[in-house]
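Commentary on secondary and tertiary structure
Take a look at the letters that make up each chain.
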Amino acid sequence: MQGIAVGIPTETVYGLAANALNATAVAQIFEIKRRPTFDPLIVHIGKIEQLNELVESIPQKASQLIDAFWPGPLTLILKRKDVVPDLVTSGLETVGVRMPNHPITLQLLQELPFPLAAPSANPFGYISPTRAQHVVDQLGNEVQYVLDGGECQIGVESTIISFEEETPCILRLGGLSVESIESVIGGVKINIQSTSNPHAPGMLLSHYSPRKPMHEGKPMEYINDARVGTIQFQGETNQSKNRILSSTGNLNEAAQRLFKTMRELDESDIEKIVFEFVPEEGLGRAINDRLRRAATK
Ligand code: TXA
Ligand code: MG
């Protein structure tokens, strides 16, 4: 199975994985996802020693984050070594690396003699999968194997942080909160723009999108409108077309349910989706980022 791409579970979202050091295997990922090659992939490792084989050096603050949060939903952008194929990094001098925190995939990575490059296992631009079935539903014709590791516990992609400048910079808000990162290494910059931002390639403004139009509004006003699906942060009206992300207002639970909720509404018999933003703190920032991108057409 050296040269093929397979679906793997992680704690954030399911990935479409192939041997990161084999450009032919990696090429399949781009083909299956219909992903533009200017959008670099994240390399997944199971042992800390593997990091030294992939990157030139590890800044002190990166080391501190590794000690505190790996395995976990944190991707580090570091200066790459030549073994990493250009296709993985889209020709950049840096590579994104993370150690995922999922028992099955961690074991797989520890047993394999090579790291795995893996983007989220969805067609480019669509909502990321948080269950094995989501991968089968969308890529089942092209992907022969999906390792079923159950439902993803975090539910949004990893936080991406770069160390190219003096002050570390967050390029994608994700499953590890800014507050957690700052509690270990102090202040960071946040630079999560989009299309035209060369530092966050692939962070397109329009992304994570359902096929049905999605926009911000007051969900309560549409509760009885059969054509409109709603996503509320908290509350009690959890019906098939009126969804709440967390009855108790817990942002971690809301993150865990976000993509599944968007996906199910997209597949249901409604015409559009109206959502409200969640509090801009903890994982709420990543949730709002995904909602904003899903709503941009
Ligand atoms: O949680 C996750 O990170 C999931 C799971 C499967 O690990 N993976 C994931 O991969 O979200 P993907 O391909 O959907 O997003 C990877 C993003 C790219 O779009 C790009 O924004 C950023 O990571 N990235 C990768 N390498 C980079 C680099 N060298 N410099 C800057 N950004 C990079
Ligand atoms: Mg993705």
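Presented here is a report on the structure given in the accompanying data block. Per chain, residues are indexed from 1 in the order of the written sequence. Chain letters start at A and ligand numbers start at 1, both assigned in the order the entries are written. Only residues with pLDDT of at least 70 get local features here, since the model is predicted, and only at 80 or more are side-chain atom pairs given and counted; chain-wide, interface and lining totals rely on the full set of residues. Heavy atoms throughout the structure, all of them, feed into the side-chain values; hydrogens and water do not.

This brings us to the overall build of the protein. Helix and strand counts for the protein come out as nine helices and 13 strands. The globule rule used here is 2.2 Å times the number of residues to the 0.38 power, and the radius of gyration it is set against is calculated over C-alpha atoms. In summary, the protein has a C-alpha radius of gyration of 19 Å against a globular reference of 19 Å for 297 residues, a match within 12%. C-alpha extents for the protein along the principal axes are approximately 60 × 45 × 35 Å. Working definition: with a 1.4 Å probe on protein chains only, accessible area under 20% of the residue-type maximum means buried, over 50% means exposed, and in between means partly exposed. Out of the 297 residues belonging to the protein, those deemed buried represent 55%. The contact criterion used throughout is that any non-hydrogen atoms of two residues lie within 4.5 Å. By sequence separation, contacts in the protein at least 24 residues apart represent 64% of the contacts at least 6 residues apart. In DSSP terms, a helix is any run of H or I states spanning at least four residues, a strand is any run of E spanning at least two, and both are numbered starting from the N terminus.

Residue position: Thr130 is located in the loop between β6 (116–117) and α6 (132–139). By relative accessible area, which is 1% here, Thr130 ends up buried.

A separate point is empty space enclosed by the protein. Buriedness of a pocket was judged along seven lines, with at least five required to meet protein on both sides within 12 Å; pockets are open sets of points on a 1 Å grid over the protein atoms alone, cavities are sets where a 1.4 Å probe fits but cannot get out, and lining residues have an atom within 4 Å of a point. Grid points are joined across faces, edges and corners, and a volume is the space filled by probe spheres set on the points. Under the defined criterion, the tally for this structure stands at one cavity of 30 Å³ or more. Of the volumes computed, that of the largest cavity is approximately 30 Å³. Across the lining of the largest cavity, the residue classes break down as five nonpolar, three polar and one charged. Note on residue classes: Ala, Val, Leu, Ile, Met, Phe, Trp, Tyr, Cys and Pro are nonpolar, Asp, Glu, Lys and Arg are charged, and everything else, Gly too, is polar.

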